[in-house]
Amino acid sequence: MTAPMVDIHLTDHDLAMALRADALRGLTSSPKTMPPKWFYDARGSELFEAITELPEYYPTRTERALLERVVGEIARTAQAEVLVELGAGSAAKTRLLLSALSAEGPLKTYVPQDVSESALRGAAEQITAEFPGLAVHGVVSDFTDTLHNLPGGGRRMIAFLGGTIGNLVPAERAEFLSSVAQVLEPREQLLLGAGLVIDPAVLVPAYDDAAGVTAEFNRNVLHVLNSRLHADFDPDAFAHIALWDARNEWIEMRLEATRDMTVTVADLDLTVEFARGEQMRTEISAKFRVDGLTAELDATGFRAEQVWTDPQHRFALILAERR
């Protein structure tokens, strides 16, 4: 068994500078915004794992059940020698892909990518122990701007699961998908997981659960700003808002100030005013129609080979080939 390799293309200093830039830009814009990647410190990751177990939150279990059903077809079609997973985290769903691709024979290397070095090293060590004949080559990076650092060494399939594509607005999606196409060779593949447009009566509660776990997850971005930039937000003074934007076909999560307040972000030498009722957007989660998403893939250099959906048409897996 060979120890996993880990390449570092994103340091703690890089992350700190990125947070400073995002906070300065977002807190001085109108309306105010913060990118959803800043939910995720250790506590944020724990809260998200709790969200995935909630009865209202269907995406994770729906995607996993779909993947379990079709993973053999994916492996037979892809014939991948290298599996790259963007945003690998704990690599929980990856084991299904690794087992199926290994059974097909050609798989040689697993490349998990994540911004968290500790999470990535932990996942890499577990996968190495479970698949002793597989080379594991981790990459610590931000998938939005370091795709060129992903190693090759054989026919690749890049997996981007979990519906994370929905966190990008259309222009960002086009840029991201074009970037993925640029790093792949013709006939290499992208496996994309995406949530579909469904009844808002089912969709909205997935982001506004009765137990309030998602509300705490949303407010965690304020705890991150407090701990990392020495801000003095009172997270309890912000209400969690989740709403369906029918025109854009996405869920928006926002934090709403419940009173007038002045917030100081010491590390940025910044003072921010919030009026009672003012909202700060913290996440979008776009949902898709299959025809629209395959058109986006086509416009960025891909051809959708196969599309699978669950019986309730809540989630899709698309295997797309680089043209």
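Predicted model only: the values in this text are computed from it and were never measured.

(A) Up close: the side chain of Glu188. By the element assignment, Glu188 lies in the loop between α6 (170-183) and β6 (189-195). Here Glu185 takes part through its backbone nitrogen, which lies 2.8 Å from a polar atom of the side chain of Glu188. Here Glu188 is in contact with Gly154, Arg155, Arg156, Ala320, Glu321 and Arg322, once residues within four sequence places are set aside.

(B) How the structure looks around the UniProt feature "domain: Histidine-specific methyltransferase SAM-dependent" (unreviewed entry) in the chain. On the UniProt side, "domain: Histidine-specific methyltransferase SAM-dependent" (unreviewed entry) is annotated at positions that read residues 20-321 here. The span residues 20-321 shows a helical share of 36% and a strand share of 25%, and its end C-alpha atoms are spaced 37 Å apart.

(C) Representation of the sheet that holds strand β8 (residues 250-257) in the model. Spatially, the three strands line up as an open sheet ordered β7-β8-β11, and their pairing is antiparallel. Since the sheet does not close on itself, it has two edges, and those belong to β7 (238-245) and β11 (279-286), each with one partner. The mean inter-strand angle of the sheet, taken between neighbouring strand axes irrespective of direction, is 20°. Direction of pairing for β8 relative to β11: antiparallel, over a ladder of seven bridges. The residue bridging Met253 from the neighbouring strand is Glu283, located in β11.

(D) Region of interest: the packing of helix α1 (residues 12-27) against helix α8 (residues 213-229). Between α1 and α8, the shortest axis-to-axis distance is 11 Å and the interhelical angle comes to 120°. On the basis of their axis angle, the class for α1 and α8 is oblique. The way α1 lies across α8 gives a crossing that is left-handed. Residue-level inspection shows Leu19, Arg20 and Ala23 of α1 in contact with α8, the latter providing Val224, Leu225, Arg228 and Leu229. Taken together, the residues of the contact of α1 with α8 break down into five nonpolar, no polar and two charged.

The rules behind the values
- Residues numbered from 1 in each chain as written.
- Predicted model: local features only at pLDDT ≥ 70, side-chain atom pairs only at ≥ 80, totals over all residues.
- Heavy atoms only, no water.
- Helix = DSSP H or I, 4+ residues; strand = E, 2+ residues; numbered from the N terminus.
- Polar contact = N/O pair within 3.5 Å; in protein donor to acceptor, adjacent residues only side chain to side chain.
- Contact = heavy atoms within 4.5 Å.
- UniProt positions renumbered as here; feature names shortened; annotations may be inferred.
- Pairing = 2+ DSSP bridges.
- Axes fitted to C-alpha atoms, helices over the stretch in contact; angles between N-to-C directions.
- Parallel < 35°, antiparallel > 145°, perpendicular 65-115°, else oblique.
- Left-handed = near helix turned anticlockwise from the far one by under 90°.
- Nonpolar A, V, L, I, M, F, W, Y, C, P; charged D, E, K, R; others polar.

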